[in-house]
Amino acid sequence: MTDSLRRAAAPLILGVAGTAALIALCLWQLERLDWKLGLIAELEERLAAPPMALPATPDPAAHEFRRVTVTGRFTGELGAHGQPDAPLLATRDKAPGYRIIQPFETVEGRRIMVSRGWVPLVAKNTGGRAVREIPVPAGEVTLTGALRWPDDPQSPAFGPNDNVWIARDLAIYAEIFGVEPLLLVAETETPGPATRSPIPQPLTVNLRNPHEGYAITWGLMAVAWVMMSGIWLRSRLRTP
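Residues numbered from 1 in each chain as written. Predicted model: local features only at pLDDT ≥ 70, side-chain atom pairs only at ≥ 80, totals over all residues. Heavy atoms only, no water.

A. Layout of the packing of aromatic side chains. The full count for this structure, using the stated rule, is two aromatic pairs. Seen in terms of ring centroids, F74 and F104 are 5.0 Å apart; in terms of plane orientation they differ by 75°. Their pairing is edge-to-face. In this pair, F74 sits in strand β2 (residues 67-74) while F104 sits in strand β4 (residues 95-106), placing the two residues 30 residues apart along the sequence. Where W165 meets Y173, the ring centres are 5.3 Å apart and the plane angle is 50°; that geometry is what we call tilted. Each member of the pair, W165 as well as Y173, is classed as buried. Sitting above the plane of the F74 ring, R116 keeps its charged end 5.3 Å from the centroid. (Phe/Tyr/Trp six-rings, centres within 6.5 Å; stacked < 30°, edge-to-face > 60°. Helix = DSSP H or I, 4+ residues; strand = E, 2+ residues; numbered from the N terminus. Buried < 20%, exposed > 50% of the residue type's maximum accessible area, 1.4 Å probe, protein only. Lys NZ or Arg CZ within 6 Å of the ring centre and 35° of its normal.)

Structure representation (C-alpha cells):
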C-alpha cells in the first residue's frame, strides 16, 4: 500500500460508512413518512364516512376514528373512585379546563364511556379538586361521535383524591365504572346548566408526524459528513 493510500484509508472508510448510515436513516424516515401519511388519510376517510351503529365487536384496527350513533342515557352513577366522571385535563383556545368523560348506557344495555366535551376549570374545580358536579342530561338522548382507543403512556392516569385525570386509560375506565373499554368522543351537544355545559370538541385527525423533518435532518447530516470527510481526506493527502 502506498503512503498516499494509507493516509487516505481512514477518511475514506469512515466517510463512506458514515454517509451510508446517515442515508439509510434518511430513507427509513421517508418510509415512515409515507406510512404516516397513509394512516392519516385512512383515518380521515373513516371520520368523513356516515355514522354507523355501535359495532357489536369493536376493533381498534377497524373502528378507530369511526363515527357512530348511539341512543341511551348517561347513568350519573359513581365510579369506584367515588366520582361520577373522569375529567381529563385539556385546553380549548389556550384556556385550561377538562374534557368531561362519563358513563353511558345504550338502549341495548351496553355500557361505554362518552367524552361530552370541554368545560373551564372554574366549572369543575372546588377547592383545587375537580369534584364539582357536571349534571348529566335527563332521560334518553341520541349521540353521534367518533370511537377512540387512546393508550396514553403517562402514569398515573389520574389523581385518586382530586379526580384530575392526565391520561385516558380505557382499562381503568372499565374497572372503576364497570363499562366496556370503549370511548365515544361526542360531537352532539349534551346540555347542562349554562355555566357547566360541556362544549363538544369533535375529533380531527391530528397525529404527530415529524418524519419529514427527521428525513431532512438525516439528509443534511449525510451531506455534512461527506463534506467533512472530504476536508479530512484532503488534509491527510497534503500531509507529508
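B. Expanded view of the pattern of salt bridges. On inspection of all chains with the given rule, the structure shows seven salt bridges. E64 serves as the salt-bridge partner of R148, at 2.6 Å between the closest nitrogen and oxygen. With R148 in strand β6 (residues 141-148) and E64 in the loop between α2 (60-63) and β2, this pair connects stretches of sequence that are 84 residues apart. Take R148 and E64: they sit in the same class, and that class is buried. Across the salt bridge formed by E105 and R111, the nearest N and O atoms sit 3.9 Å from each other. In this structure E105 comes out as partly exposed when scored by relative accessible area, which is 23%. If you follow the salt bridges from partner to partner, you end up with R73, E77, E105 and R111 in one network. (Salt bridge = Lys/Arg side-chain N within 4 Å of Asp/Glu carboxyl O.)

C. A look at the layout of surface pockets. When its volume is computed, the largest pocket comes out at roughly 480 Å³. Residue assignment for the lining of the largest pocket shows that the elements contributing at least two residues are β3 (88-92) and β9 (183-186). Broken down by element, the residue count for the lining of the largest pocket peaks at three residues, all from β3. The class makeup of the residues in the lining of the largest pocket is eleven nonpolar, five polar and four charged. (1 Å grid on protein atoms, 1.4 Å probe; cavity = no way out; pocket = protein on both sides within 12 Å on 5 of 7 lines; lining within 4 Å. Points joined across faces, edges and corners; volume = space filled by probe spheres on them. Nonpolar A, V, L, I, M, F, W, Y, C, P; charged D, E, K, R; others polar.)

D. The arrangement of the pairing of strand β5 (residues 111-120) in detail. Judged by how many residues are buried, β5 sits mostly within the fold: eight of ten residues are covered. The pairing of β4 with β5 spans nine bridges and is classified as antiparallel. When the sheet's bridge partners are listed, I101 is paired in β5 with S115. Two successive antiparallel strands, β4 and β5, enclose a turn made up of four residues, where G109 displays a positive phi of approximately 95°. Inspection of the sheet shows β5 paired to β9 by three bridges, in the parallel sense. Considered in β9, the bridge of S115 is made with V185. (Pairing = 2+ DSSP bridges.)

E. Region of the structure containing helix α5 (residues 211-238). In this model α5 runs 40 Å from its N-terminal to its C-terminal C-alpha over 28 residues, within 8% of the 40 Å that 1.5 Å per residue would give. Taken together, the buried positions of α5 are H211, A215, A222 and S229. (Expected span 1.5 Å × (residues − 1).)

F. Representation of helix α4 (residues 170-177). Along α4, the residues classified as buried are L170, Y173, I176 and F177. All buried residues of α4 project into a common sector of 135° when viewed along the axis, lining one side. The outward face of α4, more than 90 degrees from its buried face, is lined by the exposed residues A171 and E175. If you follow the buried residues of α4, they end up packed against β4, β5, β6, β8 (164-165) and β9. Where α4 begins, the capping side chain belongs to D169, and its oxygen is found 3.0 Å from the backbone nitrogen of A171. Positive backbone phi, at 65°, marks G178, one or two positions downstream of α4. (Arc of directions from axis to C-beta. Contact = heavy atoms within 4.5 Å. Polar contact = N/O pair within 3.5 Å; in protein donor to acceptor, adjacent residues only side chain to side chain.)

G. How the structure looks around the nonpolar core. Core analysis: the largest hydrophobic core is formed by 33 residues, its most contacted members being F104, V114, L143, Y173 and L184. If you list the elements that add at least two residues to this core, you get α1 (3-48), β2, β4, β5, β6, α4 and β9. When neighbours within four sequence positions are excluded, F104 is seen to be in contact with V70, T71, G72, R73, F74, R110, R111, I112, V114, V141 and L143. The next biggest cluster of nonpolar side chains, apart from the first, holds seven residues, and it includes Y98, V119, A123 and I134. (Core = buried A, V, L, I, M, F, W, Y, C linked by side-chain atoms within 4.5 Å.)

H. Quick peek at the environment of I166. Summarising the element assignment, I166 is placed in the loop between β8 and α4. It is 9.7 Å that separates the C-alpha atoms of I166 and A86, two residues lying 80 residues apart in sequence.

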